[in-house]
Amino acid sequence: MLGCISVPVWADDNASEPPWNADAELGLMQTTGNTSTSSVKAKLDVNQELPQWRNEYTFDGLYTRDKTDDSDTEYSTSAQRWFASAQGNYKLDEKNKAVFIYGSYEQDRFSGYQYQGSVALGYANRLLASQQQTLDVNIGPGVAFNQEEQGDSARYGILRLSASYKYKVSPTTRFSQTLSSDLALDAAQNSRFKSETALRVNINSTLALKTSFAVSHNTQVDEGVDKTDAQTAVTLVYTFK
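- Within an unreviewed UniProt entry, the label attached to the protein chain reads Salt-induced outer membrane protein, and the organism entered is Pokkaliibacter plantistimulans.

Okay, here's the thing in structure tokens:
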């Protein structure tokens, strides 16, 4: 379990709907005893709302090291991953339809790949847009590329599908669900899936408690490497106003 602090930052505190906002998240965890573990997690989400564009940027990093013998001062790294993505949505009308362009790049030391990335272009639509809930969906073709640990590289066609749902359960509680997939058009190539489920409950006007469960899945991995990684986090959120 990983505890985090997330700090939303606004470009203009005086604007009711600022042109951009950012969530900066930092998590630290330390366990001692028969097994000693240290983890650091950092995440940055930036959203930009312009007259013609709606842009989204994400950076996510995780580092974990373990020491299983108290008499041994040597640590071994058990997780080392960072992921970055950017998506620009060019608005087609005054409502919610858009054309998107998306790019991502990931390095995960224990995934069996030196790196993985993708580029896609397609159609985006905000199917739900209200003060209580929003639902964004994206679909479009693209290209994925990767390099395995042994040096083999690949480039192949994909179909990108993604959805992001946010629901205001009550004035103090918010639920969110994000899903994304880069589906390989060739069954022999790797398809990637990501999911995050989160619930945030306000403690007061500036503090909130957030729990989240994130899953990452690769369909093609080396022998001895797990296809699925899961991460559970309990997050303390502090909001600057």
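Some thoughts on a nonpolar patch on the surface
Here's step 1: A surface patch of nonpolar side chains, amounting to about 840 Å² of accessible area, comprises Leu50, Trp53, Tyr90, Leu92, Val99, Ile101, Leu121, Tyr123, Ile139 and Leu161.
Here's step 2: Mapped onto the fold, Tyr123 is located in strand E7 (residues 113–129).
Here's step 3: By relative accessible area, which is 35% here, Tyr123 ends up partly exposed.

Comments concerning the nonpolar core
Here's step 1: Of all hydrophobic cores here, the largest spans 6 residues; its members are Phe83, Ala98, Phe100, Tyr102, Ala120 and Ala124.
Here's step 2: Elements with a minimum of two residues in this core: strand E6 (97–108) and E7.
Here's step 3: Ranked by residues supplied to this core, first place goes to E6 with 3 residues.

Overview of the packing of aromatic side chains
Here's step 1: Overall, the coordinates contain 6 aromatic pairs when judged by the stated rule.
Here's step 2: With 5.6 Å between their ring centres and 40° between their planes, Trp82 and Tyr105 make a pair best called tilted. Pair noted here: Trp82 is in strand E5 (residues 76–91) and Tyr105 is in strand E6, with a separation of 23 residues, a long-range link.
Here's step 3: A connected cluster of aromatic rings, assembled from ring pairs, spans Phe59, Trp82, Tyr105, Tyr115 and Phe145.
Here's step 4: When the ring centre of Tyr102 is taken as reference, the NZ or CZ atom of Arg160 above it lies at 3.7 Å.
Here's step 5: Over the ring of Phe83 we find Lys194, and its NZ or CZ is 4.8 Å from the ring centre.

Comments concerning the pairing of strand E10 (residues 173–184)
Side-chain positions along a regular strand alternate between the two faces of the sheet.
Here's step 1: Bridging between strand E9 (residues 153–170) and E10 involves 12 bridges; their strand directions are antiparallel. The partner of Ser170 across the bridge, within E10, is Thr173.
Here's step 2: Counting the residues in the hairpin turn of E9 and E10 gives 2 residues.
Here's step 3: Here E10 pairs with strand E11 (residues 192–202) via 10 bridges, running antiparallel. Counted as the bridge partner of Thr178 is Glu196 from E11.

How each quantity is defined
Residues numbered from 1 in each chain as written. Predicted model: local features only at pLDDT ≥ 70, side-chain atom pairs only at ≥ 80, totals over all residues. Heavy atoms only, no water. Patch = residues over 30% accessible without salt bridge, like charges linked within 9 Å, V, L, I, M, F, W, Y side chains within 5 Å. Areas by Shrake-Rupley, 256 points an atom, 1.4 Å probe, with all protein chains shown as cover. Salt bridge = Lys/Arg side-chain N within 4 Å of Asp/Glu carboxyl O. Helix = DSSP H or I, 4+ residues; strand = E, 2+ residues; numbered from the N terminus. Buried < 20%, exposed > 50% of the residue type's maximum accessible area, 1.4 Å probe, protein only. Core = buried A, V, L, I, M, F, W, Y, C linked by side-chain atoms within 4.5 Å. Phe/Tyr/Trp six-rings, centres within 6.5 Å; stacked < 30°, edge-to-face > 60°. Lys NZ or Arg CZ within 6 Å of the ring centre and 35° of its normal. Pairing = 2+ DSSP bridges.

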